[in-house]
There are 2 protein chains.
Amino acid sequence: MNTSSPTRIVVVGGVAGGMSCAARARRLDESAEIVVLERGEHVSFANCGLPYYVGGEIAEAGSLLVQTPERLRAALDLDVRPGHEVVGLDAEAREVLVRTDRGEERLAYDALVLSPGARAVRPPLPGLDSSRVRTLRTVDDAVALREQVDGGARRAVVLGAGFIGVEAAEALAAQGLDTTLVELAPHVLPPLEAELAWLVTEELRRLGIAVHAGTGAQEVVTGADHDVVVLADGTRLAADLVVLSVGVRPDTEVFERAGVATERGAIVVDEHGRTSLPGVWAVGDATVSTDPVTGVRRPVALAGPANRAGRLVADHILRPHAARPVPQPLGTAIVRAGGLTAAMTGANRGALDDAGIAYRTLHLHPNQHAGYFPGADQVHLVVHVREEDGLLLGAQAVGTDGVDKRIDVLATAIRHRAEVADLIDLDLAYSPPYGQAKDAVNLVGMVGANVLDGTLRLWDARDVDEVLAGSLVLDVRSAGEVATGMLPGALHIPHTELRGRLEEVREAAAGRPVRVMCASGVRSAIAHRVLAQAGFDSASLSGGTSTLRAVLGERGAALLAPRVHQPA
Amino acid sequence: MNTSSPTRIVVVGGVAGGMSCAARARRLDESAEIVVLERGEHVSFANCGLPYYVGGEIAEAGSLLVQTPERLRAALDLDVRPGHEVVGLDAEAREVLVRTDRGEERLAYDALVLSPGARAVRPPLPGLDSSRVRTLRTVDDAVALREQVDGGARRAVVLGAGFIGVEAAEALAAQGLDTTLVELAPHVLPPLEAELAWLVTEELRRLGIAVHAGTGAQEVVTGADHDVVVLADGTRLAADLVVLSVGVRPDTEVFERAGVATERGAIVVDEHGRTSLPGVWAVGDATVSTDPVTGVRRPVALAGPANRAGRLVADHILRPHAARPVPQPLGTAIVRAGGLTAAMTGANRGALDDAGIAYRTLHLHPNQHAGYFPGADQVHLVVHVREEDGLLLGAQAVGTDGVDKRIDVLATAIRHRAEVADLIDLDLAYSPPYGQAKDAVNLVGMVGANVLDGTLRLWDARDVDEVLAGSLVLDVRSAGEVATGMLPGALHIPHTELRGRLEEVREAAAGRPVRVMCASGVRSAIAHRVLAQAGFDSASLSGGTSTLRAVLGERGAALLAPRVHQPA
């Protein structure tokens, strides 16, 4: 580009990536003219904060407006224009066509940065145009929802249990509404593994939210007094308000028409955010990126990567030879659900299966801090590692405390292409209120290394039927624990007695493999080592009954319920 | 070693590293005989939990006993012998000499693991043998202290303000004692940088603890009713109890006498924990390791590295060809002090200066989570990066929330030899209750990259006198902020007005360099960019007035106090 300034940089979209780009551009170049065109009324608003305003935790709508055009002009000499929608792009002429309420105008640029974001998906359902149905994408949406709440709405239906849907449902329930959350996928928070999502579902129910998973809305019937949401399974849900949050898709039609190359609707960019057109960059939810774990191409709609990409694109526009490449986002994400936190980084089981990557899955339930220190509670962890070498592929966690820390550490390790055994060596901060001498993340490394070198052999709760059919289940929990129920046909020997009772195991197994289990997988791993060294075909239940219950849901609870005739 | 089992592994020391080694050895080998010799009464006790028992947060002393010999026998078939002190080692004969209250006996081993830990340092001060003076290293120490507290002790003096000293002082103050904390070094928590330690000092004072830093105890005068601690500065402190926590030193005399090579009293080990004697390994506080950042050799007395080393040594004894090396510990550490957390990883300024490594220091004060979300509060960060390439060398943080997470992420990055700019690319979990779209750690990366490539030039609060003497100080805070005081001679122009008032700066500077400042370093960095591009010799105060106040302590407060005649 022409560096004999002054240069005009035009940014399309004044939230997250776009505004980061504009601000960084100014810090690099006082002489550039920097114009930010925002189709909405507000720039730099706190879109991730909207549900918390609806729920009342953020009291004032004004708090959501992180910046104003006036403040951005004063601090950074940015020319920020809300109410300016870009409706055309002439890359040849280096001009955009801008529509305002005063008509249309052309604006020339030297460098153009597209940050149009994503639009809420609106499925073709009858009745979605009801005035009681709205998305939660803008400050105006949030204000309108809060007004409905304050105006006496009593019943809410949230369609879609992704991050925003879960946050919206919690917010509405916190405001006292009878709230129902509907998710087409088999469980809430579809990117989360089923065994962790189950914990979130239980927590949402504890908050009084009715959860309907595995079914979708078929129709919204508008009445005089309220709407009725009709689900595919026949359920009819009366609703004074409906929040539609079934996903987003890149908002790129204008630019596609102008010749910007896209891939499944998302703008294709190179490692510096350049689009297919000269002088045009793009960032954020509207762009496609490559999953660094699976290699799959997909748009990532997250504020963090958008903000960072905006900054790096400004670097590339103004310092093309010194700019760092825009990193491929791992898709680390986090959500609060009542008293729980759920977070994830890297690839999940579905993504790994789709990509054909062979992996092992670890389940751990360590405490977030020393067990003897008040408030100790479990972090429920699921970690996937590459079978061939233990490369960390993805991690997820749910718990009341310490979840964000472990996922951030694991995201950092994945970014550095750590193998699971490398986690053993991490020097994480330990003192009783904060961790354990062997932190949850260190333990992941130890268990992972054991699994990979064969010291530990795991069986998976999802294979419980196969195990029940062909193996001896050996439950090594204490007598007190198994009084609440064991798997049908299980043999009970506390792990502390196993060494002296191996003959009982041999008789009961009668040549079948032995599948050991305990509450979390720690004691069964010790028992497995005893059995394996005594020559048994043995394996330890990954994650113990904690994981089994969560994987099997209601059925797991039933399988583990007390039976009148305790077997063996 | 002889692998035609059964093998006898003897472990000296039944806490942390020793017990980890024994437990891992059993999981690897059912046939081995594993004997743990512990000179004290308890094994596997929660030494890091002792101060919390003194303070009453941990109610029962029994909670501190994480394991008992009986439970270890039952679960892991370990032969754990408390009250067994090793007083001699004959490496030739592969025997240790063990003293119990029944006399002395010889015990043969195939493999010997030394985990003797460290002893409290007892400086040669008159009166330290008073019955009112004790260390806080064992369960018995903690029980005795708690009895003194429950028995009506009113005044406590804690000698030494390292981690244990700070925790002990907080515990005693929480129990209502008039508590004084004495530290010979210039500030509490000596490994922490002065500008962060100041925040801890302020917090301890808020808790009602009297802090005397920069002076040590000279004598303890024992009276009938109470003791008096006499400090070098003449202060006399009446005390019903005195906690001595001035450091620890490796407890290795017995093994040194037996020919185990040591370095400044700590056992020398190779990358698998092997000592200089065949068949003898060592782990934990008694061993010397190499600081992976500075290359300096020193013992590290931390539970985490000890536990992990114990496990890896068991691997090496039983699977010599498959064992991972014992990692060199970074020395990541954390302490709670009232409502604050202080944590550190890697090298500090002193260690870097001693090692002659050229570095830059970054100060940041970002919020731990979105500013618009309730409870937002600053994480005060100090990060050192290598001047030549930005390699992360060390990081420290103090704050009310989110400190442990940032230090663990930075420890993980340092372990992977990340450069500061790599932190820009970390995908950390963002949602308003947990972080910011640009997380505190991402911001460290951005500021670090700016400093290294010259986009940002910093001045350091420790150079304030030089700056006051030879530069124009430009304070770009708001009018409301500077009403509470500016540095003498400073020119005030809010950063939002700077572009239009550059001539004022030029006149006031009169050829001198311009040194910009604001509250945290964000606005002054923007102002610096404006000035630098306008041709000024400009630099931005690293960390702003927050850091300046903390670096200069009382003097910083005085320098920034309102003056009757506001300059210029």
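Residues numbered from 1 in each chain as written. Chains lettered and ligands numbered in written order. Predicted model: local features only at pLDDT ≥ 70, side-chain atom pairs only at ≥ 80, totals over all residues. Heavy atoms only, no water.

Chain A carries the name NADPH-dependent 2,4-dienoyl-CoA reductase, sulfur reductase in an unreviewed UniProt entry, which gives Georgenia satyanarayanai as its organism. According to the UniProt record, the Cofactor (unreviewed entry) comment for chain A is "FAD". (UniProt positions renumbered as here; feature names shortened; annotations may be inferred.)

Asker: Which residues make up the packing of helix 6 (residues 194-206) of chain B against helix 16 (residues 544-552) of chain B, and what are the values?
Answerer: Each packed pair of helices is defined by two parameters, the angle between the axes and the distance between the axes. Residue and element names in this part refer to chain B. At a closest axis distance of 7 Å, the pairing of helix 6 and helix 16 adopts a crossing angle of 80°. Judged by the inter-axis angle, helix 6 sits roughly perpendicular to helix 16. On helix 16, the residues touching Ala194, Glu195 and Trp198 of helix 6 are Thr547, Arg549, Ala550 and Val551. Grouping the constituent residues of the contact of helix 6 with helix 16 by class yields four nonpolar, one polar and two charged. (Axes fitted to C-alpha atoms, helices over the stretch in contact; angles between N-to-C directions. Helix = DSSP H or I, 4+ residues; strand = E, 2+ residues; numbered from the N terminus. Parallel < 35°, antiparallel > 145°, perpendicular 65-115°, else oblique. Contact = heavy atoms within 4.5 Å. Nonpolar A, V, L, I, M, F, W, Y, C, P; charged D, E, K, R; others polar.)

Asker: Describe in detail the side chain of Thr547 of chain A, supporting the description with residues and values.
Answerer: Looking at where Thr547 of chain A falls in the secondary structure, it is placed in helix 16 (residues 544-552). Those residues within four positions of Thr547 of chain A in sequence are excluded, and the remaining contacts are Glu195, His363, His365 and Ser542 of chain A.

Asker: Let's hear about helix 11 (residues 440-452) of chain B: which residues, and what values?
Answerer: All names here are of chain B. In a regular helix each residue adds 1.5 Å, so 13 residues correspond to 18 Å; helix 11 covers 18 Å between its end C-alpha atoms and thus fits that length. Counting buried positions over the 13 residues of helix 11 gives 10, a clear majority of the element. Residue Asp439 occupies the N-cap position of helix 11, its side-chain oxygen lying 2.9 Å from the main-chain nitrogen of Val441. Looking one or two residues beyond helix 11, the residue adopting positive phi is Gly454, at roughly 85°. (Expected span 1.5 Å × (residues − 1). Buried < 20%, exposed > 50% of the residue type's maximum accessible area, 1.4 Å probe, protein only. Polar contact = N/O pair within 3.5 Å; in protein donor to acceptor, adjacent residues only side chain to side chain.)

Asker: Which residues make up the pattern of salt bridges, and what values go with them?
Answerer: Residue and element names in this part refer to chain A. According to the stated counting rule, one finds 84 salt bridges over all chains in the structure shown. Arg515 is the partner of Asp537 in a salt bridge, and the nearest nitrogen-oxygen pair spans 3.3 Å. A residue pair is termed long-range when its members are at least 10 positions apart, and Asp537 in the loop between helix 15 (522-533) and strand 32 (538-541) and Arg515 in strand 31 (residues 514-517) qualify at 22 residues. Judged by relative accessible area, Asp537 falls into the partly exposed class, the value being 35%. Taken together, the shared-partner salt bridges in this structure form one network comprising Arg26, Arg73, Asp77, Asp79 and Arg81. (Salt bridge = Lys/Arg side-chain N within 4 Å of Asp/Glu carboxyl O.)

Asker: Lay out the interface of chain A and chain B in plain terms, naming residues and giving numbers.
Answerer: Each partner contributes to the interface: chain A provides 80 residues, whereas chain B provides 81 residues. Both faces considered, chain A and chain B share a buried interface measuring about 7,200 Å² in area, 55% of it formed by carbon and sulfur atoms. Ranking the residues of chain A by area buried against chain B places Arg308, Tyr372 and Asp427 of chain A at the top, with a combined share of 11%. Here chain A is connected to chain B by 16 salt bridges. For Asp404 of chain A, the salt bridge identified is with Lys405 of chain B, shortest N-O distance 2.8 Å. Linking chain A with chain B are 51 residue pairs in polar contact (both at pLDDT 80 or more), by the criterion used here. (Buried area = accessible area lost by both parts, 1.4 Å probe.)

Asker: Can you tell me about the pairing of strand 14 (residues 227-231) of chain B, naming the residues and giving the values?
Answerer: Residue and element names in this part refer to chain B. Of all five residues making up strand 14, five are buried, and the element is well covered by its neighbours. Because side chains alternate across strand 14, one face comprises the buried residues Asp227, Val229 and Leu231, and the other comprises Val228 and Val230, equally buried. As defined by bridge partners, strand 13 (residues 217-222) adjoins strand 14 across five bridges and the pair is classed as antiparallel. Within strand 14, the residue paired with Val221 across the bridge is Val228. (Pairing = 2+ DSSP bridges.)

Asker: Requested: an account of the relation of the copies chain A and chain B, with residues and values cited.
Answerer: With an axial shift of 0.0 Å and an RMSD of 0.0 Å, the rotation relating chain A to chain B amounts to 180°. When the rotation and shift are considered jointly, the pair of chain copies conforms to a two-fold rotation axis. The share of interface residues of chain A whose copies in chain B are also at the interface is 100%, consistent with both copies meeting through the same surface. (Least-squares fit on C-alpha atoms with pLDDT ≥ 70 in both.)

Asker: Describe in detail the confidence of the model for chain A, supporting the description with residues and values.
Answerer: For chain A, the average pLDDT comes to 95, and 98% of its residues sit at 70 or higher. Of the two predicted TM-score estimates for the complex, the pTM is 0.97 and the ipTM is 0.96. (pLDDT = per-residue confidence, 0-100.)

Asker: An account of the sheet that holds strand 32 (residues 538-541) of chain B is requested, with residue identities and associated values reported.
Answerer: The pairing of strands in a sheet comes from backbone hydrogen bonds and takes either a parallel or an antiparallel form. Residue and element names in this part refer to chain B. What the five strands build is an open sheet, ordered 28-32-31-29-30; its pairing is parallel. If you trace the sheet from one side to the other, it starts and ends with strand 28 (458-459) and strand 30 (491-492), each paired once. Of the pairings in the sheet, the one linking strand 29 (residues 472-475) to strand 31 (residues 514-517) comprises four bridges and is parallel in character. By the bridge assignment for strand 31, Asp475 is matched with Met517. Those strands touched by helix 15 (residues 522-533) are strand 29, strand 31 and strand 32, and its axis lies near 180° from that of strand 32.

Asker: Tell me about the domain arrangement of chain A, and please be specific about residues and values.
Answerer: Many analyses report the size of an interface as the accessible area lost when the parts associate. All names here are of chain A. In terms of domain boundaries, chain A breaks down into domain 1 (8-40 + 83-118 + 249-318), domain 2 (133-246), domain 3 (339-452) and domain 4 (458-559). Inter-centroid distance (C-alpha atoms) of domain 2 to domain 4 is 39 Å. Of the roughly 380 Å² buried between domain 2 and domain 4 on both sides combined, carbon and sulfur atoms contribute 70%. Applying the counting rule to domain 2 against domain 4 returns zero residue pairs in polar contact (both at pLDDT 80 or more). A per-class count over the side of domain 2 that touches domain 4 returns two nonpolar, no polar and two charged. (Domains from an automatic or database assignment.)

Asker: Report on the packing of aromatic side chains, specifying residues and quantitative values.
Answerer: On inspection of all chains with the given rule, the structure shows two aromatic pairs over all chains. Plain terms: the ring middles of Tyr52 of chain A and Phe373 of chain B are 5.0 Å apart, the flat faces sit at 85° to each other, and that makes the pair edge-to-face. Of this pair, Tyr52 of chain A sits in helix 2 (residues 50-54) while Phe373 of chain B sits in the loop between strand 25 (359-364) and strand 26 (379-386), each in a different chain. There is no split in this pair, since Tyr52 of chain A and Phe373 of chain B are both buried. The lysine or arginine in question, Arg146 of chain A, covers the ring of Tyr53 of chain A, its NZ or CZ lying 4.2 Å from the ring centre. (Phe/Tyr/Trp six-rings, centres within 6.5 Å; stacked < 30°, edge-to-face > 60°. Lys NZ or Arg CZ within 6 Å of the ring centre and 35° of its normal.)

Asker: So what's going on with the UniProt feature "domain: Rhodanese" (unreviewed entry) in chain A? Residues and values would help.
Answerer: Within this numbering scheme, the UniProt entry marks residues 467-557 of chain A as carrying the feature "domain: Rhodanese" (unreviewed entry). Helix makes up 45% of residues 467-557 of chain A and strand 15%, and the two end C-alpha atoms of the span are 17 Å apart.

Asker: I'd like a description of the packing of helix 1 (residues 17-28) of chain B against helix 8 (residues 303-318) of chain B, backed by residues and values.
Answerer: All names here are of chain B. Direction vectors running N to C along helix 1 and helix 8 enclose 40°, while the axes themselves pass 7 Å from each other. When you trace helix 1 past helix 8, the crossing you get is right-handed. Facing Gly17, Ser20, Cys21, Arg24, Ala25 and Leu28 of helix 1, the residues of helix 8 in contact are Ala306, Asn307, Gly310, Arg311, Val313, Ala314, Asp315 and Leu318. Split by residue class, the contact of helix 1 with helix 8 holds seven nonpolar, four polar and three charged. (Left-handed = near helix turned anticlockwise from the far one by under 90°.)

Asker: Just give me the short version of the pairing of strand 2 (residues 33-38) of chain B, but keep the residues and values in it.
Answerer: Here is the key point about a regular strand: its side chains alternate between the two faces of the sheet. All names here are of chain B. Of all six residues making up strand 2, five are buried, and the element is well covered by its neighbours. Across five bridges, strand 1 (residues 8-12) lies against strand 2 in parallel orientation. Within the sheet, the bridge partner assigned to Val10 lies in strand 2 and is Val35. Note on the crossover from strand 1 through helix 1 to strand 2: the handedness is right-handed. (Right-handed = clockwise from strand over helix to strand, strands pointing away.)

Asker: Break down the side chain of Glu203 of chain A for me, citing the residues and quoting the values.
Answerer: All names here are of chain A. Structurally, Glu203 is set in helix 6 (residues 194-206). Taking relative accessible area as the criterion, Glu203 reaches 10% and is therefore assigned buried. Aside from chain neighbours lying at most four places away, what touches Glu203 is Ala337, Gly338, Gly339 and Leu340.

Asker: Tell me about the environment of Gly489 of chain A, residues and numbers included.
Answerer: Its location among the elements puts Gly489 of chain A in the loop between helix 13 (479-482) and strand 30 (491-492). Sequence spacing of Gly489 of chain A and Leu472 of chain A is 17 residues, and the spatial spacing of their C-alpha atoms is 7.6 Å.

Asker: Break down the sheet that holds strand 15 (residues 236-239) of chain A for me, with residues and values.
Answerer: Residue and element names in this part refer to chain A. Strand order in the open sheet formed by three strands is 13-14-15, and the pairing between neighbours is antiparallel. Lying at the two open borders of the sheet, with one neighbouring strand each, are strand 13 (217-222) and strand 15. Strand-to-strand twist in this sheet, taken as the mean axis angle between neighbours without regard to direction, amounts to 20°.

Asker: Which residues make up the nonpolar core, and what values go with them?
Answerer: Core analysis: the biggest nonpolar cluster contains 76 residues, and Leu392 and Leu423 of chain A together with Leu392 and Leu423 of chain B have the highest contact counts within it. The contacts of Leu423 of chain A, once residues within four sequence positions are left out, are Leu392, Leu410, Ala413, Val441, Asn442, Val444 and Gly445 of chain A. With 52 residues, the next largest nonpolar core counts Phe45, Ile58, Ala61 and Leu189 of chain B among its residues. (Core = buried A, V, L, I, M, F, W, Y, C linked by side-chain atoms within 4.5 Å.)

Asker: Any chance you could break down the environment of Tyr109 of chain B for me, citing the residues and the numbers?
Answerer: All names here are of chain B. Take Tyr109: it is sitting in the loop between strand 6 (103-108) and strand 7 (111-114). For Tyr109, a relative accessible area of 4% translates into the label buried. Sequence-wise, Tyr109 and Gly500 are 391 residues apart; in three dimensions their C-alpha atoms are separated by 81 Å. Those residues in contact with Tyr109, other than ones at most four positions away along the chain, are Arg8, Val10, Leu89, Asp90, Ala91, Arg94, Glu95, Val96, Gly279 and Val280.

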